[in-house]
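# Overview (structure and organization)
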Amino acid sequence: MMLDMMKTRRLARTFTIDGAILDYLQRTRSGRSRSERVNELLRRGIDQEQSEALAREAAEFFAAAGRAEGAERKAFAKASRRSITRDEE
């Protein structure tokens, strides 16, 4: 979906690209233009970067949730001990 939208709006921009990268693009373009190959690699890089950011965000969320659950577990255990102590008296 988003890919289709990006294809309909192409803008010419100027960037400086290292010679080694241009050589790589030339070797790996498989009949496509270098621009198409650059766009393909950039999309893959963006997807990877977004996936990594999402994974970091999920790890932070679950780490925080784990700490909160630990505090809840301790409070429950403390309340349980008080309850058991009262029952024994």
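Residues numbered from 1 in each chain as written. Predicted model: local features only at pLDDT ≥ 70, side-chain atom pairs only at ≥ 80, totals over all residues. Heavy atoms only, no water.

Let us now look at the confidence of the model for the chain. When pLDDT is averaged along the chain, the result is 83, and 83% of the positions lie at 70 or above. The least confident element of the chain is helix α1 (residues 2-8), whose mean pLDDT is 58; the most confident is helix α2 (residues 19-28), at 94. (pLDDT = per-residue confidence, 0-100. Helix = DSSP H or I, 4+ residues; strand = E, 2+ residues; numbered from the N terminus.)

As a further point, take a nonpolar patch on the surface. On the surface, a cluster of nonpolar side chains totalling about 310 Å² of accessible area is made up of Phe15, Ile17 and Ile21. Within the secondary structure, Phe15 sits in the loop between α1 and α2. For Phe15, a relative accessible area of 66% puts it in the exposed group. (Patch = residues over 30% accessible without salt bridge, like charges linked within 9 Å, V, L, I, M, F, W, Y side chains within 5 Å. Areas by Shrake-Rupley, 256 points an atom, 1.4 Å probe, with all protein chains shown as cover. Salt bridge = Lys/Arg side-chain N within 4 Å of Asp/Glu carboxyl O. Buried < 20%, exposed > 50% of the residue type's maximum accessible area, 1.4 Å probe, protein only.)

Attention now moves to unusual backbone geometry. With a phi angle near 50°, Ser30 is a residue other than glycine that sits in the positive phi range. Taking relative accessible area as the criterion, Ser30 reaches 66% and is therefore assigned exposed.

Position of Arg37 among the secondary structure elements: in helix α3 (residues 34-88). On the basis of relative accessible area, Arg37 is assigned to the buried category, the value being 6%. Arg37 has contacts with Tyr24, Leu25, Thr28, Arg29, Arg32 and Arg44, leaving out every residue within four places of it along the chain. (Contact = heavy atoms within 4.5 Å.)

Here we come to the layout of surface pockets. A water-sized probe, rolled over the atoms, reveals where empty space remains. Estimated volume of the largest pocket: approximately 760 Å³. Lining the largest pocket we find 18 residues, and of these Leu11, Phe15, Val38, Asn39 and Leu42 sit closest to its centre. The element that contributes the greatest number of residues to the lining of the largest pocket is α3, accounting for seven residues. Grouping the amino acids of the lining of the largest pocket by side-chain chemistry returns ten nonpolar, three polar and five charged. (1 Å grid on protein atoms, 1.4 Å probe; cavity = no way out; pocket = protein on both sides within 12 Å on 5 of 7 lines; lining within 4 Å. Points joined across faces, edges and corners; volume = space filled by probe spheres on them. Nonpolar A, V, L, I, M, F, W, Y, C, P; charged D, E, K, R; others polar.)

As a further point, take the environment of Arg34. The topology assignment puts Arg34 in helix α3. Counting along the chain gives twelve residues from Arg34 to Leu22, while the straight-line C-alpha distance between them is 8.2 Å. Here Arg34 is in contact with Leu22, Leu25, Gln26 and Arg29, once residues within four sequence places are set aside.

Before going further, it helps to examine the pattern of salt bridges. Under the defined criterion, the tally for this structure stands at two salt bridges. Among the ionic pairs, Arg32 bridges to Glu40, the shortest N-O distance being 2.3 Å. For Glu40, a relative accessible area of 24% translates into the label partly exposed. Glu40 is the partner of Arg37 in a salt bridge, and the nearest nitrogen-oxygen pair spans 3.1 Å. A residue pair is termed a helical-turn pair when its members lie 3 or 4 positions apart in one helix, as Arg37 and Glu40 do in helix α3 at three residues. Each member of the salt-bridge network shares a partner with another, and the members are Arg32, Arg37 and Glu40.

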